[in-house]
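# Residue-level structural notes
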Amino acid sequence: MTATLEPWGRGWSGVNTSSRGLRQVVLPLAAGARLRAGDLHGAHDHLQAALEAERAPFYRARLLLWAARVADALGRPAEATRHRDALAAIADTSAAVYQRKAAAERRAPLSAA
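Here's a quick rundown of the structure.

Rules behind the numbers
- Residues numbered from 1 in each chain as written.
- Predicted model: local features only at pLDDT ≥ 70, side-chain atom pairs only at ≥ 80, totals over all residues.
- Heavy atoms only, no water.
- Helix = DSSP H or I, 4+ residues; strand = E, 2+ residues; numbered from the N terminus.
- Expected span 1.5 Å × (residues − 1).
- Buried < 20%, exposed > 50% of the residue type's maximum accessible area, 1.4 Å probe, protein only.
- Arc of directions from axis to C-beta.
- Contact = heavy atoms within 4.5 Å.
- Phe/Tyr/Trp six-rings, centres within 6.5 Å; stacked < 30°, edge-to-face > 60°.
- Lys NZ or Arg CZ within 6 Å of the ring centre and 35° of its normal.

Right, let's talk about helix H5 (residues 96–107) for a bit. Because each turn of an α-helix spans 3.6 residues, side chains separated by three or four positions in sequence point in the same direction. For H5, which comprises 12 residues, the first-to-last C-alpha distance of 17 Å matches the rise-based estimate of 16 Å (1.5 Å per residue) to within 8%. Turning to H5, its buried residues are Tyr98, Ala102 and Glu105. Buried residues along H5 cover an arc of 65° about the axis, so they all sit on one side. Of the exposed residues in H5, the ones pointing more than 90 degrees away from its buried face are Arg100 and Arg107. Looking at the buried positions of H5, the neighbouring elements they touch are helix H3 (57–73) and helix H4 (77–88).

Written out as structure tokens, the structure reads:
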């Protein structure tokens with residue numbers, strides 16, 4: 001069976017997107033694909049949906065870092081700050097590498113170029 005990605009909210013053709021596991025795997029991959037295609041708005045939408053599903057500290061930290069980066073690139077500094085604050089608040093050592101990156105980027109955000 002081949003599933004084609006439709007805009008988020010309409011799901012995947014023939015695939016049940018209500019599965020939490022599927023959303024945890026597919027949405028971050030879809031966000032990466034949108035980033036590679038230069039579609040920051042699409043990446044933003046997929047990252048937001050992935051953050052709704054993800055609870056594991058390590059993976060949530062990675063999503064928050066990328067959500068902050070995309071928000072910065074979209075010119076949404078307040079949203080980027082909220083993501084970085086949420087990342088800093090994760091009390092799990094597995095998030096440390098992403099917390100350090102977010103702290104550095106808080107001082108000097110990455111450019112969209």
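Let us look at helix H2 (residues 40–53). The end-to-end C-alpha separation of H2 is 20 Å, in line with the 20 Å expected for 14 residues at 1.5 Å each. Every buried residue of H2 is listed here: Gly42, Ala43, His44, His46, Leu47, Ala49, Ala50, Leu51 and Ala53.

Once that is clear, we can look at the packing of aromatic side chains. For the coordinates displayed, the defined rule picks out 2 aromatic pairs. Taken together, Phe58, Tyr59 and Tyr98 form an aromatic cluster joined through their ring pairs. One cation-aromatic arrangement involves Arg69 over Trp66; the distance from NZ or CZ to the ring centre is 4.5 Å.

This next bit is on the side chain of His44. Within the element layout of this structure, His44 appears in helix H2. Residue class for His44 comes out buried when judged on its relative accessible area of 11%. Here His44 is in contact with Val70, Leu74, Arg76 and Glu79, once residues within four sequence places are set aside.

Before going further, it helps to examine the environment of Ala96. Checked against the element boundaries, Ala96 lands in helix H5. For Ala96, a relative accessible area of 23% translates into the label partly exposed. Sequence separation between Ala96 and Ala61 is 35 residues; the distance between their C-alpha atoms is 8.6 Å.

Any link to function would need more than the numbers given here.
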